[in-house]
Each structure stands twice: as structure tokens, then as C-alpha cells.
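The primary structure of each chain is shown beneath.
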Amino acid sequence: MFKLAKPIFLKDMEKEMNITAFFAANFECSGEDAKLCITGATYYRVTVNGEFVCYGPARAPRGFTRVDVIDISKHVSWGLNQIVIEVASYNCDTFAFVNVPGFLQAEITADDKIVAATGFNFVGFADIERVQKVMRYSYQRPFSEVYLRKGGSMLKMPVSTVEPKLGFMIRKVPEPEYHIVSPVSAAYKGELVPTENKRPYQRFIDGVGNVGIMGFRLDEIKQQPLIDLFGYDYKVTETKSDLNFPYEIKKGEYVVFDMGQNTVGFIQHKVHALEDARMMIGFTERDKDNGKFFVMENDITNVVDYHMIEGAYEGETFEVNGFRYLYVFVTEGKIELQNLSVREYTYPLGEIPKIKTDNKKLNEIYNAAALTFRENTLDVFMDCPTRERAGWLMDSTFTARSEYFFTGKTTVNEAMLNDYVVATSFPELPEGAIPMCYPAQSMAGMFIPQYCLWFGIQVYEQIERSGQKPEKYRKILYNLLDYFKKFENKDGLLEKLENWNFVEWSKCNDWVMDVNYPTNMLYFRYIKCMALLFDDAVLHEKADKLKDTVIEKSFNGKYFVENAVYGDDGLKNTENVSETCQYYAIWMGVADLNEPRFAYLKDVVVHAFGPFGTHDFVPYEPSNACMGLYLRLDVLLSLGEKELLLKEIEDYFGGMAEKTGTIWEHKTASNSLNHGFASYVGAVIYKCLEK
């Protein structure tokens, strides 16, 4: 794939945590045809003649790296040109990428000649502005950003070739969009009031060293912006006004900028430090308390820290962030903020299917679903574009449906599933098991058995949509089946599954042991999908028997009971009942609501359940969004209850679309307010409005 380039990095630094390096080369170009072939780790940003070109690479499974071939003709001119590639090498375990040592491999071809290549004419520099020893951004992602600006950003360093020992894979997913967008208003101005707030425990700060995570100890970290911001109360002095750059902000002041909706990308600023100053840019998805900064939103280091000597600066964050509101704090000195904007990093969605309705709320929700998809889809289907940026299974089954609906294609789904198939190994996991999110570096062998089963459903739906042959998935799916057979009891039901058991973000997760019936309903669906994919008569019989057993053991004539536990007299059902368990039974194909024996359950599902439902049994656990209420969307759709479904969608999702322009992870404004699976509501709205 590369004709001349070799993998390089700063000498003896490729395995250090949180190293930022620059690699630069001059090259001659006499025509318009110029291409860049590039890969690297962990992330890189490319500029040619000072112009932004791209950010990458697309993520790859263990043992591989993805290569981009980019036309840079519009960025070059006749004669001498310069390329600068900034590389962040993180060397830490995350949910967001596979951990590999830092490297860069790149070459430029102009007029069919290689005019620049790593290992030959690229020079290396260390970034002396970006601070190495900082807090993690989150438990699930790498490091936050702190910059010390002292008049020079790069120090020339020796470069050596390295051996990442990775196979090459070409990018198959679309190139991201990089539109520049600006705030719509200055939402608030305020003052920072020093206080004695007590800092809460944070696992990515205090837990480093004992939770399988890699990072720097707090006593190693000199700049602590997150902790510093705990030391203030936030007093609002002025509310919403039109944008009017520049803004002069002095010590103890802040300005809040509103992007109008959740926005994902790289934060850009242009600032003149009128004297030595410290500027921090904070970001949040919501206005939680009328202009007061919520320091620990989403359990992340939601601040970028700049320490500046007097002078003029332009900058752009290297990491991707997500937010609606941007807070510019000045804790030392005085600045003139001349501009603030965002370079988006999103899926190139283009025109989407049009819905036929005059209902303003439904239109807003539909557009919010499209934005949610666009901001959570790149090389994989991410759960959220903030805290994790991770390719979680289960979520991805629904985002894959969104991809097919919004684009008519299965490109990202194919790439995501293929990452599992071609991975060289999952050494932290039991034989046959697969990661709960991928590409990622599993922390301390953590995985979710139920998500392994959702993988099979996602594969089945991919084959249905694409018309491809399922053969390449045979090995991984049958290996998974062998893994689960070890947990079958004498009735053929799964029991006492290991590791992190997950059914839903609700009390359902307290009821997963010993025999969890929603999990066995999912197991039935997995086996049935395999039987259909591979025309396996043995698995058809196994699935049918499992279905009958689940009904016999779990169904009490009205509802499906959640679980059974072992006691002195053997395995007995509990009295635990959840709304979500009923949806699992229906969605997985265990309960056919057209059968007379399920008539009562059908009536309850339609007339009592739902986000605003009332119920006639106690104890009872209502569904959360993930995943009970999303299963409900399909259940009501299958029953033809379109009018009811649209009413519930309007009432339930309308506030989300209004507040953030995106769809949320939970029923309430907690955790991620921009979650990939939630985009599926757009497809449901469209189906409900179809004639």
C-alpha cells in the first residue's frame, strides 16, 4: 500500500503516555495531481500549507491500522509546499480505540512521483505547548487538553523508524464533514466567585492505578483545571444577547456561548492575551442552572485549559468534544476573545427522507434524530460523541437501522461488524466471547455477555439488508454459541453468566442472576437468527425448545416474570416484574400477542404501559429509554398502533429536541444527551406517517 514510506515516531517515545508530536516535510509540486497516503496512531491531524486537510485515522481492529488516500490537490500550489502532521500517541486503555504504540506512516505522490515520505524527508518535533501529564478526559477516553503558550510550540527532536506490526486496511466508510459553525448568541455573562466547594470522588482521577486504567497520578499533575473550577461558584450578571465579537474578559469573569443545538467537533478560538492570562473553555450539553457551570457533567473533564503569555493566538482543540454551550473563563489576566467557532466532525449525511406532516414537534424530533445519527456515526456507530465515543453493541443494532433508513446503505454497519471478524484476538476475554464495544482496549477483561448475543442480531439484520452471504460470520457466531453452552442448565436456560450482566439502565440490572428471563429471550433470538442464517435444523429445534421453556417457566398467565434464583429448595421464580421484560418477550419473538394466551398482556402493553403509563401490579419496574422504550417503539409499530405511537413520541421526545436538538440516552436529562441508538426514532416516525 505504501511504496516508500516507513513508520516513524520521535525516538524512544512511541510507548510513552500522552505524547504529541509534529512531523513536517517540504515538497515540490508542478501540477494539480497530489495525493496523500497516510495512517498512524493514535490520532493525527493534517495541514498542507497551513490549511486543514483531515483528521484520522478511521479506527481499526486489533492487529490492523486503517489507511486513508486523500486528494490534496486543492491545498497545494506550484513550487514548494509544506505538510505538517500532528500525531497524538496516547498509549492507554480506552473504550474508544485499540491501544497501540505511536507511529506515523505517510507519503505524498505528485504527478505520479513520490515527493515526500516518512522515514526519508520528514522532520520530527515535540509539542512543547501541550502538557503531557494531565487528567484523563474520562474513564472511557484518553487525556484532556492543557496548553502552556510561551511563544514557541515545537522543539526539533530525533526521529526513528518503529515497528507497529499492523496490517493495513483501507478506509471503507465515508470521509467526515468538517463544516465550520459559530455560536448563535452569547447566552450569559458572569463572575467567578471563589468558594470552598468539596470535590467529589472521580474514578478517572482518584481511581487511576486500581481499576485497570492507565493515567497519571494526581500528585504528578501540576495543571488541574477541573479541580480549579470546583473552587468557584458562578454568578450570572447578564443574560442572552446577540453575538458581538470581540469580548474583553478579565480575571474572575466568564461568557457563555450558545451553539443553538448540540454540536460535535473541534473548538476553535482566536484570542489576544492583553496580559499574561489563563483562559479555560468549558463545555456542556445543557444549561443546567441558568448560566452556572456544571463542572462534572457526564463525568468528564469538560474543560480545555490555556496558559498564555501576552500576545495573539489562534488555536483548535485536538480532541473531539460535544456540547451546546461553550463557557470561556478567565481566571488570570485579561483577554480579548476575537472569535469562537467549531470545526464539525460528523457523518456526511446529505439529504434525508422527507416526512409528510405539519406537526412542528414531530418535525423537530425527526430532525433531532437525523442530527443524533450524524454526530454519532463515523467509522463505527458510537454510543455518544462525548464521554466515550465507543462502538457499543446493542446500541449499534438500532443505529444500524438508522443508517439504512437515512442513507439507504449499510457501509458503516459492514465495517463495524467486520472489525470483529478480522480481529487477530481478544486476549483479555474468555474463549469465544467478544468485546462489548469495539475497536477498544478492554479494561481488566470487562465485557457484557448479553451484548455478544446482540451482535448476532445485528449480523442477521445486516445480511437481510445487504443480501450478502453470511459465511464470513460463521466462525465467530458458532464460537459464541459454544461459549454460552457452558452456562446452560438442565432446562437449556442460561444461568449465572459471568462478568457484567446488562439488560437495561433500570432495576432490571439488579435481577440478572441466577436465571434471567430477558437474557434467555435474547438467547432464543440469537439462536433463531443463526438457524436462519445458516439453515441449521439443529439450531431451529434448539431455538423452538428454548422458546417453549421460557414461556413455561417465566409466564404467569399475565406477565413474564424477570428472574429465578436458587434457594434451599432449588430454583424458584421471584416476584420481580418489569415493563422491559415484557418488551423483550415480544420483540425477541417469544410472545406472539395475537395468541389468545397473551391477550391480557397485549391489552396492558397498549393501554397501560409506556413512558406515561399507569400499571396495576406491584412491585413494578418501568422501562428506561435504553432499551425498553426503544423496544416498545417496534412493538407498537408491529401492532399497527401508529396514532398512539406518534402521540407518545411527540410527548416523550419533544422536550429533548427542544433543549438540545438531539435525542438522549435516558428518560431524563442525565448522562449523554446525544446517543446514537436514539436516532432510530426518526425511522419510526417515518414508518408511522407512511400511507
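Just above, that's the structure.
Residues numbered from 1 in each chain as written. Predicted model: local features only at pLDDT ≥ 70, side-chain atom pairs only at ≥ 80, totals over all residues. Heavy atoms only, no water.

*Asks:* Sorry, what's going on with the overall build of the protein chain here?
*Replies:* Helices and strands together make up the secondary structure of the protein chain, namely 14 helices and 27 strands. Scaling as 2.2 N^0.38, a compact globule of 691 residues should have a C-alpha radius of gyration of about 26 Å, and the protein chain matches this with 26 Å. Seen through its C-alpha atoms, the protein chain measures out along the principal axes to roughly 75 × 60 × 55 Å. Here the protein chain holds 691 residues, and the buried ones make up 62% of them. Here the protein chain has roughly 26500 Å² of accessible surface; of this, 48% comes from carbon and sulfur atoms. Considering the protein chain, the positive charge centre built from 75 side chains and the negative charge centre built from 96 side chains are found 1 Å apart. (Helix = DSSP H or I, 4+ residues; strand = E, 2+ residues; numbered from the N terminus. Rg over C-alpha atoms; globule rule 2.2 N^0.38 Å. Buried < 20%, exposed > 50% of the residue type's maximum accessible area, 1.4 Å probe, protein only. Areas by Shrake-Rupley, 256 points an atom, 1.4 Å probe, with all protein chains shown as cover. Lys, Arg positive; Asp, Glu negative; His and termini not counted. Charge placed at Lys NZ, Arg CZ, Asp CG, Glu CD.)

*Asks:* What's the story with unusual backbone geometry in this structure? I'm lost.
*Replies:* Where the residue is not glycine, phi is negative for most of them; where a peptide bond is considered, it is trans in most cases. A cis geometry characterises the amide bond from Y438 onward to P439, with omega recorded as 0°. With respect to the secondary-structure elements, P439 resides in the loop between α5 (411-422) and α6 (449-466). The phi dihedral of K165 falls on the positive side, at around 55°, and the residue is not glycine. Counting through the fold element by element, K165 comes out in the loop between β13 (159-161) and β14 (167-170). With a phi close to 55°, R389 is a non-glycine residue in the positive phi region.

*Asks:* Any chance you could explain the pattern of salt bridges here in plain terms?
*Replies:* Pairs can form between side chains of opposite charge whenever their charged atoms are close. For the structure shown, the criterion picks out 36 salt bridges. Between R59 and D379 there is a salt bridge; the shortest N-O distance is 2.9 Å. One end of the pair, R59, is in the loop between β5 (51-56) and β6 (64-71); the other, D379, is in the loop between α3 (360-376) and α4 (395-407), with 320 residues separating them in the sequence. In this pair, the class of R59 matches that of D379, namely buried. Notably, a salt bridge pairs R141 with E319, separated by 2.6 Å at the nearest N-O pair. One end of the pair, R141, is in the loop between β10 (123-127) and β11 (146-149); the other, E319, is in the loop between β22 (311-316) and β23 (321-332), and 178 residues separate them in sequence. Among the residues examined, E319 registers a relative accessible area of 6% and is labelled buried. (Salt bridge = Lys/Arg side-chain N within 4 Å of Asp/Glu carboxyl O.)

*Asks:* Got a minute to help me understand the packing of aromatic side chains in this structure?
*Replies:* Aromatic ring pairs: the centre-centre distance and the angle between the two ring planes describe each pair. In this structure the tally under the stated criterion is 62 aromatic pairs. Both rings, one in F293 and one in F329, keep their centres 5.1 Å apart while their planes meet at 65°; by these two values the pair is edge-to-face. Taken together, the residues span a long stretch of sequence, with F293 in the loop between β20 (277-284) and β21 (303-308) and F329 in strand β23 at a distance of 36 residues. Side by side, F293 and F329 carry an identical accessibility label, which is buried. Among the aromatic residues, those joined into a ring-pair cluster are Y43, F52, Y55, Y90, F97, F143, Y178, F216, F266, F318 and Y345. Cation over ring: R136 sits above F143, and NZ or CZ is 5.7 Å from the ring centre. Directly above the aromatic system of F294 lies the positively charged group of K288, at a separation of 3.6 Å from the ring centroid. (Phe/Tyr/Trp six-rings, centres within 6.5 Å; stacked < 30°, edge-to-face > 60°. Lys NZ or Arg CZ within 6 Å of the ring centre and 35° of its normal.)

*Asks:* Looking at this model, I keep getting lost on the pairing of strand β24 (residues 334-344). Mind explaining?
*Replies:* Consecutive residues of a regular strand have side chains that alternate between opposite faces of the sheet. Of the strand pairs in this sheet, strand β15 (residues 180-181) and β24 are connected by two bridges, and their pairing is antiparallel. Paired with V181 across the strands is V342, a residue of β24. Bridge analysis of strand β18 (residues 247-250) against β24 gives four bridges, and the strand direction is antiparallel. By the bridge assignment for β24, K250 is matched with K334. Pairing analysis gives nine bridges linking strand β19 (residues 253-273) to β24, with the strands arranged antiparallel. Paired with H269 across the bridge in β24 is L340. (Pairing = 2+ DSSP bridges.)

*Asks:* Even after reading the chapter, I still don't get the pairing of β20, so can you show me in this structure?
*Replies:* Within β20, eight of the eight residues are buried, which leaves it mostly tucked inside the rest of the structure. Of the two faces of β20, the one carrying A277, M279, I281 and F283 and the one carrying R278, M280, G282 and T284 are both buried. For β20 and β21, the ladder comprises six bridges, and the chain directions are antiparallel. By the bridge assignment for β21, R278 is matched with H307. Of the pairings in the sheet, the one linking β20 to β23 comprises seven bridges and is antiparallel in character. Bridged to F283 within β23 is L326.

*Asks:* Got a minute to help me understand the sheet that holds strand β26 (residues 563-567) in this structure?
*Replies:* Consider a sheet: its strands pair through backbone hydrogen bonds, and that pairing is either parallel or antiparallel. Spatially, β25-β26-β27 is the arrangement adopted by the three strands of the open sheet, whose pairing is antiparallel. Two strands lie at the open edges of the sheet, namely β25 (515-516) and β27 (570-573), each paired on one side alone. Two strands pair when backbone bridges link them, and β25 and β26 are joined in this way by two bridges, in the antiparallel orientation. In the strand pairing of β26, V515 is matched with A564.

*Asks:* Just to check I follow, could you spell out the nonpolar core for this structure?
*Replies:* The nonpolar side chains of soluble globular proteins are, as a tendency, buried together. By size, the foremost hydrophobic cluster in this structure holds 240 residues, and its most contacted members are W454, F560 and Y630. In terms of residue count, the dominant contributor to this core is helix α8 (residues 517-534) (twelve residues). With sequence-adjacent residues up to four places away left out, F560 is seen in contact with M521, I551, S554, F555, V577, C581, Q582, A585, V590, A591, F598 and L601. Listed in part, the five residues of the second largest apolar core include F2, A5, V67 and A117. (Core = buried A, V, L, I, M, F, W, Y, C linked by side-chain atoms within 4.5 Å. Contact = heavy atoms within 4.5 Å.)

*Asks:* Help me out: how do you make sense of the packing of α3 against helix α13 (residues 642-660) in this one?
*Replies:* Two numbers describe a pair of packed helices, the interaxial angle and the distance between the axes. Relative to each other, α3 and α13 sit at 65°, their axes nearing to 9 Å. The handedness of the crossing between α3 and α13 comes out as left-handed. Packed against α3, whose contacting residues are K361, L362, E364, I365 and A368, the element α13 presents L646, I649, E650, F653, G654 and A657 at the interface. Taken together, the residues that form the contact of α3 with α13 break down as seven nonpolar, one polar and three charged. (Axes fitted to C-alpha atoms, helices over the stretch in contact; angles between N-to-C directions. Left-handed = near helix turned anticlockwise from the far one by under 90°. Nonpolar A, V, L, I, M, F, W, Y, C, P; charged D, E, K, R; others polar.)

*Asks:* Teacher, can you tell me more about the environment of V590 here?
*Replies:* Topologically, V590 is positioned in the loop between α10 (579-587) and α11 (599-607). A sequence separation of 52 residues divides V590 from V538, and the C-alpha atoms of the two residues are 18 Å apart. Non-local contacts of V590, meaning those with residues more than four positions away in its chain, are made with M521, F524, K547, V550, I551, F560 and A585.

*Asks:* Sorry if this is basic, but what is going on with a nonpolar patch on the surface here?
*Replies:* A grouping of M1, V69, F168 and I170 is seen on the molecular surface, where their side chains present a nonpolar patch of about 350 Å² in accessible area. Mapped onto the secondary structure, V69 falls in strand β6. Relative accessible area serves as the criterion here: at 48%, V69 is assigned to the partly exposed category. (Patch = residues over 30% accessible without salt bridge, like charges linked within 9 Å, V, L, I, M, F, W, Y side chains within 5 Å.)

*Asks:* What am I meant to see in the side chain of N520 here?
*Replies:* Tracing the backbone through its elements, the reader meets N520 in helix α8. By relative accessible area, N520 is classed as buried at 0%. Those residues in contact with N520 that lie beyond four places of it in its chain are L493, L494, V515, L546 and V550.

*Asks:* Got a minute to help me understand the packing of α6 against α8 in this structure?
*Replies:* Running from amino to carboxyl end, α6 crosses α8 at an angle of 35°, the nearest separation of the two axes being 9 Å. In the crossing of α6 with α8, the sense of the turn from one axis to the other is left-handed. Contacts between α6 and α8 involve Q450, C452, L453, W454, G456, I457, V459, Y460, E461 and I463 from the first element and T519, L522, Y523, R525, Y526, C529, L532 and L533 from the second. A per-class count over the contact of α6 with α8 returns 13 nonpolar, three polar and two charged.

The values are spatial; any link to function lies outside them.
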